[in-house]
Amino acid sequence: MAGGGFSKLPNGSVVVAITLTGPTDGAGPGAPIRVLVHAVNRARALTRLRNFGLRAVYLRGNAEPPTPDEITAVLHHPDGVLWRARPERAQELWHPIRALLRPAVTAVTAVTAVTAGSPGPAGASVPGMRALPARRPA
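Caption draft 1: Region of interest: the overall build of the chain. Within the chain one finds 4 helices and 5 strands. Reading the helices (α) and strands (β) of the chain from amino to carboxyl end gives β-β-β-α-α-β-β-α-α. Put simply, the chain has 138 residues, and 28% of those count as buried. The contacts in the chain between residues at least 6 apart in sequence include a share of 51% that link residues at least 24 apart.

Caption draft 2: Spatial organisation of the nonpolar core. Residues Ile 18, Leu 20, Val 35, Leu 49, Val 57 and Trp 83 are the most contacted members of the largest nonpolar core, which totals 18 residues. Mapped by element, the contributors of at least two residues to this core are β2 (14–21), β3 (32–39), α1 (42–51), β4 (81–84) and α3 (97–101). With 7 residues, the next largest nonpolar core counts Ala 17, Leu 36, Ile 71 and Leu 82 among its residues.

Caption draft 3: Quick peek at the environment of Arg 34. Mapped onto the fold, Arg 34 is located in strand β3. By relative accessible area, which is 5% here, Arg 34 ends up buried. Distance from Arg 34 to Leu 82, taken between C-alpha atoms, is 8.2 Å for residues 48 residues apart in sequence. A polar atom in the side chain of Arg 34 sits 3.1 Å from the side chain of Thr 19. At a separation of 3.3 Å, a polar atom in the side chain of Arg 34 contacts the main-chain carbonyl oxygen of Pro 65.

Caption draft 4: The arrangement of the sheet that holds β2 in detail. An order of β1-β2-β3-β4-β5 is seen for the 5 strands of this open sheet, with the pairing classed as antiparallel. Each of the sheet's edge strands pairs with one partner strand only, and the pair in question is β1 (3–8) and β5 (95–96). Where α1 meets the sheet, its contacts fall on β1, β2, β3 and β4, and the angle it forms with β3 comes to roughly 125 degrees. Of the strands in this sheet, β1, β2, β3 and β4 are in contact with helix α2 (residues 68–75), which crosses β3 at around 60 degrees.

About the cut-offs
Residues numbered from 1 in each chain as written. Predicted model: local features only at pLDDT ≥ 70, side-chain atom pairs only at ≥ 80, totals over all residues. Heavy atoms only, no water. Helix = DSSP H or I, 4+ residues; strand = E, 2+ residues; numbered from the N terminus. Buried < 20%, exposed > 50% of the residue type's maximum accessible area, 1.4 Å probe, protein only. Contact = heavy atoms within 4.5 Å. Core = buried A, V, L, I, M, F, W, Y, C linked by side-chain atoms within 4.5 Å. Polar contact = N/O pair within 3.5 Å; in protein donor to acceptor, adjacent residues only side chain to side chain. Pairing = 2+ DSSP bridges. Axes fitted to C-alpha atoms, helices over the stretch in contact; angles between N-to-C directions.

Structure representation (structure tokens):
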């Protein structure tokens, strides 16, 4: 069960901190991670996490509220959603949530993509998206 808590700020917004088990390919199989979210209220903070793909995230009680250092970290980050692999080690830096959810790219997959003829970063295409039509001179 995930432990967590929240802290209401003077301007009415909320910082939610939740300790979850990390992904199996991340910082170690089942290693705890601490996730911080800044939002207007608790429901929106949990909705932001669910929108990132963390579906089974619930906040029950206020057993582990965010520390003042955690609140400062999430308030100074432009996305307002951070994570850290080992909550008990304060030396580790906070990471944006995209770094947790991004699939790891290995040298084998990169070489396979290049040899398969997929376009590089300059001509990268998103599956399911159409290219925009060329602009016509006015």
